[in-house]
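For reference, the chains in residue letters:
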Amino acid sequence: MSTIPAKGHIDKIAIGLSALCAVHCLILPLIAGLLPALAALTGSHVHFHTLMLVAVLPLSSFALGAGWLRHRDAAVLALGLTGLILIVVAATVGHDLPSEAAERWTTVAGSLLLALAHLRNYRQCRPSDGCHKGPCQSRC
């Protein structure tokens, strides 16, 4: 028996991380504008993005890769890769984009696409779809 957590759980974690990233990019500037002390508590903007990349890239790559090997759903792969690329671009060269808003919306778009990919991937691995005996335990 494998000690790797069920892939469905990894998709759930990845969806949560994508949502956290989107919330950070949309809500934090509003809160920081109203309560400057909160900005100091969150640390550097660059550090947050670096930490998110360290968590998101391997987790999403594993979950989406496993889903691709099992289901061969090109939409999941396309959504996931596009989302990852947008997130990496925003985190690594986002400061070179025309504005801070462009960096924020690039990150949000990437996070949403990645979350949609993980949601679709997760739904394909539910026992209720009639395909599996358990979450991603047997091939269709």
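Shown above is the structure to which this text applies.
From a predicted model like this one, the values you see are computed outputs, not experimental measurements. (Residues numbered from 1 in each chain as written. Predicted model: local features only at pLDDT ≥ 70, side-chain atom pairs only at ≥ 80, totals over all residues. Heavy atoms only, no water.)

Describe in detail the overall build of the protein, supporting the description with residues and values.
The helix and strand inventory of the protein stands at 5 helices and 0 strands. Counting from the amino terminus, helix and strand elements in the protein follow one another as α-α-α-α-α. Looking at the 140 residues of the protein, the share that counts as buried comes to 34%. Considering only contacts within the protein whose residues lie at least 6 apart along the sequence, 75% involve residues at least 24 apart. Of the roughly 8,100 Å² of accessible surface on the protein, a fraction of 71% belongs to carbon and sulfur atoms. (Helix = DSSP H or I, 4+ residues; strand = E, 2+ residues; numbered from the N terminus. Buried < 20%, exposed > 50% of the residue type's maximum accessible area, 1.4 Å probe, protein only. Contact = heavy atoms within 4.5 Å. Areas by Shrake-Rupley, 256 points an atom, 1.4 Å probe, with all protein chains shown as cover.)

Please give an account of helix 4 (residues 74-93) that cites residues and values.
When the terminal C-alpha atoms of helix 4 are compared, their 28 Å separation across 20 residues agrees well with the 28 Å that a helix rising 1.5 Å per residue should span. Of all the positions in helix 4, only Val76, Gly80, Gly83, Leu84, Ile87 and Ala90 are classed as buried. Down the axis of helix 4, the smallest arc covering the buried residues is 130°, so these residues share one side. (Expected span 1.5 Å × (residues − 1). Arc of directions from axis to C-beta.)

Which residues make up the nonpolar core, and what values go with them?
Grouped together as the largest cluster of nonpolar side chains are 16 residues, with contacts concentrated most on Leu17, Met52, Val56, Leu59, Leu64 and Leu114. For this core, the elements supplying multiple residues, two or more each, are helix 1 (7-34), helix 3 (45-71), helix 4 and helix 5 (100-124). The dominant element in this core, judged by the number of residues it contributes, is helix 3, at 7 residues. Not counting residues within four places of it along the chain, the set of residues in contact with Val56 comprises Leu17, Ser61, Leu84 and Leu114. (Core = buried A, V, L, I, M, F, W, Y, C linked by side-chain atoms within 4.5 Å.)

Account for unusual backbone geometry, with residues named and values stated.
Trans peptide bonds make up the majority, and among non-glycine residues the majority have a negative phi. Non-glycine residue Arg72 carries a positive phi angle of around 55°. With respect to the element layout, Arg72 can be found in the loop between helix 3 and helix 4.

Summarise empty space enclosed by the protein; cite the residues concerned and give the values.
Scanning the model with the defined rule gives 2 cavities of 30 Å³ or more in all. Approximately 40 Å³ is the volume found for the largest cavity. Contributions of two or more residues to the lining of the largest cavity are made by helix 3 and helix 4. Forming the boundary of the second largest cavity are Leu17, Ser18, Cys21, Met52, Val56, Ile87, Ser111 and Leu114. Elements with a contribution of two residues or more to the lining of the second largest cavity: helix 1, helix 3 and helix 5. Considering every element that reaches the lining of the second largest cavity, the biggest residue donor is helix 1, with 3 residues. (1 Å grid on protein atoms, 1.4 Å probe; cavity = no way out; pocket = protein on both sides within 12 Å on 5 of 7 lines; lining within 4 Å. Points joined across faces, edges and corners; volume = space filled by probe spheres on them.)

Break down the environment of Leu116 for me, with residues and values.
Note that Leu116 resides in helix 5. The partly exposed category is assigned to Leu116, whose relative accessible area is 46%. Each C-alpha atom of the pair Leu116 and Gly80 lies 7.9 Å from the other, and the pair is 36 residues apart in sequence.

Can you break down the pattern of salt bridges residue by residue, with the values?
Under the counting rule described, the total for this entry stands at 1 salt bridge. Its salt-bridge partner being Arg120, residue Asp73 comes within 2.7 Å of it at the nearest N-O pair. A residue pair is termed long-range when its members are at least 10 positions apart, and Asp73 in the loop between helix 3 and helix 4 and Arg120 in helix 5 qualify at 47 residues. Under the relative-accessibility criterion, Asp73 is labelled buried at 12%. Arg120 sits in the partly exposed class, given a relative accessible area of 39%. (Salt bridge = Lys/Arg side-chain N within 4 Å of Asp/Glu carboxyl O.)

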